[in-house]
Amino acid sequence: MDPRESFTIAARSIRSHKLRSTLTVIGVVIGIASVVTFATFGASVESEIVGSIADSGANNIYVLGQPADEEGFEQALQPLFTEHDIDRLSELEGVEAVIPRGSIPANSVSHGGDTVSIQQLTATTPAALTNETLVAGRSFHSGTDEVVLNRVAAETTFEENITAGDEITVRRTGETVNLTVVGVVNGTAGELPVGNFGPQPQFYVPADPHYQAVVESPATNARQRAYPQVTVISEPAETLAVTEAIETYLADESDARQLAPAGVDLVARTSGDFAEEISDVIDQITRFVTGIAVIALVVGAIGIANIMLVSVTERTREIGIMKAVGARNRDVMELFLLEATLLGAGGALLGLPLGLVVGWAATRYAEVGFAFAPYWTALAVLVGVLVGVVAGLYPAWRAAHVDPIDALRYE
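Residues numbered from 1 in each chain as written. Predicted model: local features only at pLDDT ≥ 70, side-chain atom pairs only at ≥ 80, totals over all residues. Heavy atoms only, no water.

Engineer: An account of the overall build of the protein chain is needed here, citing residue identities and associated values.
Structural biologist: Scanning the protein chain for helices and strands turns up 13 helices and 15 strands. For the protein chain, the proportion of its 411 residues judged to be buried stands at 46%. Counting contacts in the protein chain only where the partners sit at least 6 residues apart, residues at least 24 apart contribute 78% of the total. Carbon and sulfur atoms make up 57% of the accessible area of the protein chain, which totals about 20,500 Å². (Helix = DSSP H or I, 4+ residues; strand = E, 2+ residues; numbered from the N terminus. Buried < 20%, exposed > 50% of the residue type's maximum accessible area, 1.4 Å probe, protein only. Contact = heavy atoms within 4.5 Å. Areas by Shrake-Rupley, 256 points an atom, 1.4 Å probe, with all protein chains shown as cover.)

Shown next as structure tokens:
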């Protein structure tokens, strides 16, 4: 039988049962749309997070405590890196700057009669806020009541935008502090690139005098400020060598090694390390959720197989007439298989744009940029077509083996 004629007959059969065909295709549409939606959203979140990590600087090395198990998470947040450690890290070859970071608990911040809740201020040094990250004003000076905000805090957190020269009031447990805004930075000023799906308001204050976490340094036997995280900025060509030198120092000589509780490992990670780890986690989540969505495709395949079996029964006499006028078993099988394939392909073509639209809406809701997932999209369409083929195999085989004499007698 001519392929064009088979296509015409298959399409005419589908059109003659519009409602039944539509209900059958819906299962495939839902499956394809679900796969594309979850894959697109996963790719968008991954792109947003990895992009923000890349923006934080390829030569940033994050030195911190990492829990060996889930129970050690809170212990890893303890201040471990003393000022002695910071001085020694600064002396390593290839190091341009060492920036400590600590958290100061806070309850709320007010500006212009508007008050919002916050969890913390970030205590650091003026070196953390460079000309590359500043978009307005300047960095703060040590020993002052000055504060630098990121653009989210300055432009969207309060009803009135905050500019350099304005004042904000921070309420902490037991005290209220008035701080003068001296600058605005873009992004998160090179902070540890984990924990947020989107930009969050950040408030940076000088460690001196606001940060009060102190410990006794094992190396000097003197009480010093200690921080839970240190960012080491290396010369771009020396990042790998500096990372190895930091790891050696942490393991052999550092105060942090003696201060770290059991179950906490000291690590030095680059932006690339974090990007790779986060990408792996998001990929695993995407595969898991997408795998669940494939169940809808299985339901769609069952629907196609069911409707094709019904079609074989309804068209038994037609099959007998086709065989009586010379149609071979292969021709009949090709006709019914093509009809099932058209149902699967139709569901894939309808489910693809629907999945992209829903995925785009999900990224708008989550406030992340839209990213297309070509691999998963192509795979979803291919699976949709294969669903039609696989679901139509048995009905097509059954139709091809209908006895023509019995078929002509069928009523």
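Engineer: Which residues make up the sheet that holds strand β13 (residues 223-227), and what values do they have?
Structural biologist: Taking strand neighbours across the sheet as the criterion, the three strands line up as β2-β13-β12 in an open arrangement whose pairing is antiparallel. Edge positions in the open sheet fall to β2 (81-82) and β12 (214-216), since each of these has one partner strand only. Pairing geometry for β2 and β13, over two bridges, is antiparallel. Bridging across to β13, T82 finds its partner in A226. (Pairing = 2+ DSSP bridges.)

Engineer: Tell me what's going on with a nonpolar patch on the surface, and back it up with residues and numbers.
Structural biologist: Judged by side-chain polarity, Y375, L379, L382, L386, V390 and L393 come together as a nonpolar surface patch covering roughly 570 Å² of accessible area. Position of L393 among the secondary structure elements: in helix α12 (residues 374-400). A residue is classified by how much of its surface remains accessible, and L393, at 38% relative accessible area, is partly exposed. (Patch = residues over 30% accessible without salt bridge, like charges linked within 9 Å, V, L, I, M, F, W, Y side chains within 5 Å. Salt bridge = Lys/Arg side-chain N within 4 Å of Asp/Glu carboxyl O.)

Engineer: Tell me about unusual backbone geometry, and please be specific about residues and values.
Structural biologist: With an omega of 20°, the peptide bond between D208 and P209 qualifies as cis. When you line up the elements, P209 lands in helix α6 (residues 207-210). Even without a glycine there, the phi angle at N221 is positive, about 60°. As for its position among the elements, N221 is in the loop between β12 and β13.

Engineer: Describe the pairing of strand β6 (residues 120-124), naming the residues involved and giving the relevant values.
Structural biologist: On a regular strand, one side chain projects to one face of the sheet and the next to the other, so that they alternate. Across the five residues of β6, four count as buried, placing the element largely inside the fold. Sheet topology note: the strand β3 (residues 95-105)/β6 ladder contains four bridges and is antiparallel. Among the inter-strand pairings, P105 is bridged to a residue of β6, identified as Q120. Where β6 lies against strand β11 (residues 203-206), three bridges are found, and the strand directions are parallel. What sits directly across from T124, in β11, is P206.

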